[in-house]
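Residue-level structural notes
Here are the chains, one letter per residue:
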Amino acid sequence: MKIRNFFIFIILFIITSLSILFVSTISGDLSDLRANIKEQNKIKYLQLLLIAGERIYDEHQTSKMASFYQIAGPINYHPVNTAINNLLEFTEQEPKKNEFPHDKYAALEVNRLSEEIRKDKRFASSYSFNRLESIIEYQIIQIQNHSAEFMIAIEGVRLTTQLYSFFTELIDQLIDIEVSHSMDESSAIKAIKLLGAIDETESRLVSIQKNYLKHSNKSEEIDALVSEVFSHDTIKINHLIYNNFDHTDSNDIGLQRVNHSYFQAKDHLSALNKILLSEAIEISANQIYLSRIKIYSIVCFLAIFFLFAILPISVMIFKLSGAFTLVQKAVTQLSNNDLNINFNENQSRFSFELESIIQSLTKLKKIQIEKYRLENRNKELIRKLQLSATTDYLTGISNRRAFLDAIRYLPAEQQYKASLALIDIDNFKRINDRFGHSCGDEVLMKFSRLLKAFFRKEDLFCRYGGEEFAILLYDCDNQQAQKTLERLCKKTRYLSVIVPESEKEKVYFTISIGTTELADRSSINHAINRADKALYHAKTTGKDRVVTYAPQIEVPTE
């Protein structure tokens, strides 16, 4: 068994080492997979957030232009409400509900900001736009990825979002200038700053498009959209605005033309946003796919390694150690008198060198079987002798010797409250003479069965001799013993045996009982003498009764 245990230890060591290595590797891959899935969820959330932001910007600008040109008619709030509802529904999804608690708050905040922007209060509206831009910026910052292509795509999304915000704010500023019919220095400076921010963002976006996204599979679409955003018309609009700022007495900015041009630019920006986000989502999906492939590959490799390396080695080792294990097991079983040994089991796999050992063990097994048979026979004889020495052969209850020995083994120092009773079956000699000894034996067995059923487990009783029985009622004084033994007399009256020669005739019998207290085990003989006097008094005064010993009882002498 030690050889097998050694090889098992080696195999377990190899399996444990490989398992630790693979588990640590898979744990890292699972961590990357969870991070990629979390990142993908954030990108999807960002996509919905950007759509909601674009709808809010467009609704605000449409509302401002309609108010400026006094175009009557209800404003269509449906696109904004739909976009915000889609955003809120996405945050309610179970995988994101507990993982991104900030997203739920941000979606509710966007909903609140859209309501504030609709009120069109100049300062509150301006703050709300800044707050909306901050929320989008924060969401973009939260997305982390080690891929350069991914971060370039996200940076493109950031720039297009900033351009969207700059265009909207510029139109607002131009509308304010048109409404006031004057161009003060602060308004001009703010508008020029916005144009400068647009130019700077344009430069960065064009740089990303030319230098970093040229290897993208959607590079042609990106090139076309960037060219459309910063087309010749847009540049001319910028020059027109600059020229008007140079002549402060002029207020003909051409607002409708500017608005139309930038609306077209924002449409192209929206399309560019979608492409860049789809690029980021595709990169994230590929990373998730590669992580899963890596995990599946490691698991498959581990399974193949186990099937084609560990398993065959294990089978070989178990075959080599099987014979030694069987021999050791057989010797151990024989030494423990366990003879349930099958030497023929899988014997074909053992080499011929072990045949002599198997034959010797087979002979030893036969010797042990014979030895075991003799030992069992001796044990059975001893058991029968012990049983005959302590049990009455007819009734199956204890005999006088066993009864007295049990009393002698009671603790000597304990203060007893026990009662000793002697019982005699009334007119037993007449039953024997009239109905035969077989009927008398049946009476003795019937009464013995009553004793077994009537008394407690701690009480002692025996066949004292002939038709006489002795009982020790433990933890019972004279008064309790009197009541108990009277109930025994009552139950005995209902006992009957059928006469062997006549199946219809029944024999009823009664008992007489003499009882006394037993102070301690050393006074057993004295107690038996008193109980015998009480029994004699019960027999001479009418039988079928219980008499408790008292000094007043006189036994006549012959």
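Details of the structure are given in the entry above.
Treat the numbers as computed from the prediction; the structure is a model and nothing was measured.

Our focus in this paragraph is the overall build of the chain. Of the regular secondary structure elements, the chain holds 16 helices and eight strands. Residue burial in the chain is summarised as follows: out of 558 residues, 41% are buried. For the chain, restricting intrachain contacts to residue pairs at least 6 apart in sequence, the fraction spanning at least 24 positions comes to 75%. Counting only carbon and sulfur atoms, one obtains 55% of the accessible surface of the chain, whose full area is about 31,900 Å².

Here helix H14 (residues 437–454) contains 18 residues, and its C-alpha end-to-end distance of 26 Å stays within 8% of the 26 Å for a straight helix at 1.5 Å per residue. Within H14 the residues assigned to the buried category are Cys-439, Gly-440, Val-443, Leu-444, Phe-447, Ser-448, Leu-450, Leu-451 and Phe-454.

Across the eight residues of strand S7 (residues 511–518), seven count as buried, placing the element largely inside the fold. Two elements, strand S2 (residues 418–425) and S7, share eight bridges in a ladder whose sense is antiparallel. Along S7, the bridge assignment pairs Ser-419 with Glu-517. As defined by bridge partners, S7 adjoins strand S8 (residues 546–548) across three bridges and the pair is classed as parallel.

Right, let's talk about the packing of helix H13 (residues 428–435) against H14 for a bit. Across the interface, H13 lies against H14 with an axial gap of 6 Å and an inter-helix angle of 140°. Judged by the angle between their axes, H13 and H14 are oblique. Contact residues: H13 offers Phe-428, Ile-431, Asn-432 and Phe-435, while H14 offers His-437, Cys-439, Gly-440, Val-443 and Leu-444. Per-class residue counts for the contact of H13 with H14 are six nonpolar, three polar and no charged.

Relative to the elements of secondary structure, Ile-152 occurs in helix H6 (residues 148–180). As a C-alpha pair, Ile-152 and Ala-280 span 128 residues in sequence and 8.9 Å in three-dimensional space.

A separate point is the side chain of Asp-459. Within the secondary structure layout, Asp-459 lies in the loop between H14 and strand S3 (460–465). Reaching out from Asp-459, the side chain makes a polar contact with the backbone nitrogen of Tyr-474 at a distance of 3.2 Å. Discounting chain neighbours no more than four positions away, the residues touching Asp-459 are Leu-472, Leu-473 and Tyr-474.

Our next topic: the nonpolar core. In this structure, Tyr-45, Leu-46, Leu-49, Ile-56, Val-110, Leu-132 and Phe-150 are the most contacted members of the largest nonpolar core, which totals 45 residues. For this core, the elements supplying multiple residues, two or more each, are helix H1 (2–68), helix H2 (78–91), helix H4 (101–119), helix H5 (122–142), H6, helix H7 (185–211) and helix H10 (255–335). Broken down by element, the residue count for this core peaks at ten residues, all from H6. Residues within four places of Leu-46 in sequence aside, it is in contact with Ile-136, Gln-139, Ile-140, Ile-143, Val-157 and Leu-277.

Now for the packing of aromatic side chains. Across all of its chains, the model carries three aromatic pairs by this definition. Between Phe-447 and Phe-469 the ring centres are 5.0 Å apart and the planes differ by 65°, which places this aromatic pair in the edge-to-face class. Residue Phe-447 is located in helix H14, and its partner Phe-469 is located in strand S4 (residues 468–473); the two are separated by 22 residues in the primary sequence. Among the residues examined, Phe-469 registers a relative accessible area of 0% and is labelled buried. Geometrically, the ring pair formed by Phe-455 and Phe-461 is tilted, given 6.2 Å between the ring centres and 35° between the ring planes. The buried category is assigned to Phe-461, whose relative accessible area is 15%. Taken together, the ring pairs connect Phe-454, Phe-455 and Phe-461 into an aromatic cluster.

Attention now goes to a nonpolar patch on the surface. Together, Phe-9, Ile-10, Phe-13 and Ile-14 give the surface a local cluster of nonpolar side chains, amounting to about 390 Å² of exposed area. Here Ile-14 shows up in helix H1.

Another aspect to go through is the pairing of S4. Of all six residues in S4, six are buried, a share of seventy percent or more. In S4, alternate side chains face the same way, and those of Glu-468, Ala-470 and Leu-472 on one face and Phe-469, Ile-471 and Leu-473 on the other are all buried. Where S2 meets S4, six bridges bridge the pair, whose relative direction is antiparallel. Directly across from Ser-419, in S4, lies its bridge partner Leu-473. In terms of strand pairing, S3 meets S4 through five bridges, oriented antiparallel. Paired with Leu-460 across the bridge in S4 is Leu-472.

This brings us to the pattern of salt bridges. As enumerated under the stated definition, the model contains eleven salt bridges in all. Among the ionic pairs, Glu-442 bridges to Arg-449, the shortest N-O distance being 3.8 Å. Residue class for Glu-442 comes out partly exposed when judged on its relative accessible area of 30%. Its salt-bridge partner being Arg-456, residue Asp-459 comes within 2.9 Å of it at the nearest N-O pair. Among the charged side chains, a salt-bridge network with shared partners connects Glu-109, Arg-112 and Arg-131.

Rules and cut-offs
- Residues numbered from 1 in each chain as written.
- Predicted model: local features only at pLDDT ≥ 70, side-chain atom pairs only at ≥ 80, totals over all residues.
- Heavy atoms only, no water.
- Helix = DSSP H or I, 4+ residues; strand = E, 2+ residues; numbered from the N terminus.
- Buried < 20%, exposed > 50% of the residue type's maximum accessible area, 1.4 Å probe, protein only.
- Contact = heavy atoms within 4.5 Å.
- Areas by Shrake-Rupley, 256 points an atom, 1.4 Å probe, with all protein chains shown as cover.
- Expected span 1.5 Å × (residues − 1).
- Pairing = 2+ DSSP bridges.
- Axes fitted to C-alpha atoms, helices over the stretch in contact; angles between N-to-C directions.
- Parallel < 35°, antiparallel > 145°, perpendicular 65-115°, else oblique.
- Nonpolar A, V, L, I, M, F, W, Y, C, P; charged D, E, K, R; others polar.
- Polar contact = N/O pair within 3.5 Å; in protein donor to acceptor, adjacent residues only side chain to side chain.
- Core = buried A, V, L, I, M, F, W, Y, C linked by side-chain atoms within 4.5 Å.
- Phe/Tyr/Trp six-rings, centres within 6.5 Å; stacked < 30°, edge-to-face > 60°.
- Patch = residues over 30% accessible without salt bridge, like charges linked within 9 Å, V, L, I, M, F, W, Y side chains within 5 Å.
- Salt bridge = Lys/Arg side-chain N within 4 Å of Asp/Glu carboxyl O.

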